[in-house]
Amino acid sequence: MAKDSWISNLPSTVEMVEVGPRDGLQIIQEFVPTEKKVELIDALIAAGIRRMEVTSFVHPRFVPQLRDAAEVLAGINRNVCVCMAMVPNMKGAERAVDAQVDMLDVIVSASESHNRSNVRRSIDESLEGFVRIFDLAREAGVSVRASLATSFGCPFEGDVPVSQVLRVCHRLQELGVMEIALCDTTGMANPVQVSKVVGACLDEMPGLQWVAHFHNTRGAGSANLVVALAEGITIFDASIAGLGGCPFAPGATGNVPTEDMVHMLHEMGIETGIDLPALITTARVWEEAIGEVLPGQVMKAGRTCDLHPLPPLDD
Ligand code: ZN
């Protein structure tokens, strides 16, 4: 990249997709009551979030924290927000469509062993299973996105070759997916690798809508996001207050915190349509509701533009 070409290539607006209610709440031990979830989600919408992964239609036995998926969808203020839900299989897709979700999110891993450990199937079996789900979505007029887990590394296999990421993405495109989220599921990505993977995907499949989903597990989330932005991605998943984590890495932080990314983007002159002060307040409300210190930084440090009075000089 030439000295400042990357700056002139930055977009003027970015879409933030809030995934905290799904990616975050699923790992909280205690069940958050439905009314509380509705209140927390509505606060995000009031702060300007316009797309959100609200829940997941997984079997209640596996993720009891989200067993109230349909009730949550029915309870929240959906007028202005596109509500997305993760669906692991056909049964989940049927429940999600019945609950009148706007968008289904199916998940498959770029690495074979992660896919097997996640859904007990090979990648090709997962892709095969999507055919019926996509047919159902088309009939119901519901859009679909695919989340490609371990796009930047696998906790079991290590490096995931770019060719493997491309293979799965091409197959997803053939099956009719319009949008793919490249997910750094366990926070293994680095900026150089992000540039290579994202660059290759956008070059080969420019007709698709691309999303990046970074975890801050090892502190590289915002660096990776900026590189993905410079490579041309304009839609990013993030989680309020950095809620979330990973079952394989105890104590690991979750997705990049939404309010930290919005703060950084606004400081860079990039619009998100989000009311940042309201979002920071919402992050604190979530933290209080969860009852644990959450990783978000701006909710602790304040905004860059919140200046402090100069302390008196005692000479
Ligand atoms: Zn995630």
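Our structure's up above, just so we're on the same page.
These figures come from a predicted structure and were not determined experimentally.

Asker: Could you clarify how one ought to interpret the overall build of the protein in this entry?
Answerer: A tally of helices and strands in the protein yields 13 helices and 8 strands. On C-alpha atoms alone, the protein measures out to a radius of gyration of 19 Å, which is about the 20 Å that the 2.2 N^0.38 rule sets for 315 residues. Each principal axis of the C-alpha distribution contributes one length, and for the protein these read about 75 × 50 × 35 Å. Relative to its full complement of 315 residues, the protein shows a buried share of 53%. Partitioning the contacts of the protein with sequence separation of at least 6, the portion at a separation of at least 24 is 75%. Here the protein displays about 14,100 Å² of accessible surface, and carbon together with sulfur accounts for 52% of that area.

Asker: Can you help me understand the packing of helix 10 (residues 221-230) against helix 11 (residues 258-267) in this one?
Answerer: For any two helices packed against each other, one specifies the inter-axial angle together with the distance between the axes. Orientation of helix 10 relative to helix 11, taken along the N-to-C sense of each, is 50°, at an axis distance of 11 Å. It follows that helix 10 is oblique to helix 11 by the angle criterion. The two elements helix 10 and helix 11 meet at a crossing, and its hand is right-handed. For the pair helix 10 and helix 11, contact is made by S222, L225, V226 and L229 and by M261, M264 and L265, respectively.

Asker: For this particular structure, what's the right way to read empty space enclosed by the protein?
Answerer: The probe, sized like a water molecule, is rolled over the atoms to show the empty space still left. Taken as a whole and assessed by the stated rule, the structure comprises 1 cavity of 30 Å³ or more. By volume, the largest cavity amounts to about 30 Å³. In this structure, the largest cavity is lined by P88, I107, V119, R121, S126 and F130. Per-class residue counts for the lining of the largest cavity are 4 nonpolar, 1 polar and 1 charged.

Asker: I keep staring at the nonpolar core and nothing clicks. Help me out?
Answerer: As a rule of thumb, nonpolar side chains are buried together in soluble globular proteins. Core analysis: the largest hydrophobic core is formed by 97 residues, its most contacted members being L104, L182 and W210. Ranked by residues supplied to this core, first place goes to helix 7 (residues 123-140) with 7 residues. Apart from the residues within four sequence positions on either side, L104 is in contact with A85, V87, A93, A96, I133, A137, V142, S143, V144 and R145. Ranked by size, the runner-up nonpolar core spans 8 residues in total, among them V19, A181, C183 and V211.

Rules behind the numbers
- Residues numbered from 1 in each chain as written.
- Predicted model: local features only at pLDDT ≥ 70, side-chain atom pairs only at ≥ 80, totals over all residues.
- Heavy atoms only, no water.
- Helix = DSSP H or I, 4+ residues; strand = E, 2+ residues; numbered from the N terminus.
- Rg over C-alpha atoms; globule rule 2.2 N^0.38 Å.
- Buried < 20%, exposed > 50% of the residue type's maximum accessible area, 1.4 Å probe, protein only.
- Contact = heavy atoms within 4.5 Å.
- Areas by Shrake-Rupley, 256 points an atom, 1.4 Å probe, with all protein chains shown as cover.
- Axes fitted to C-alpha atoms, helices over the stretch in contact; angles between N-to-C directions.
- Parallel < 35°, antiparallel > 145°, perpendicular 65-115°, else oblique.
- Left-handed = near helix turned anticlockwise from the far one by under 90°.
- 1 Å grid on protein atoms, 1.4 Å probe; cavity = no way out; pocket = protein on both sides within 12 Å on 5 of 7 lines; lining within 4 Å.
- Points joined across faces, edges and corners; volume = space filled by probe spheres on them.
- Nonpolar A, V, L, I, M, F, W, Y, C, P; charged D, E, K, R; others polar.
- Core = buried A, V, L, I, M, F, W, Y, C linked by side-chain atoms within 4.5 Å.

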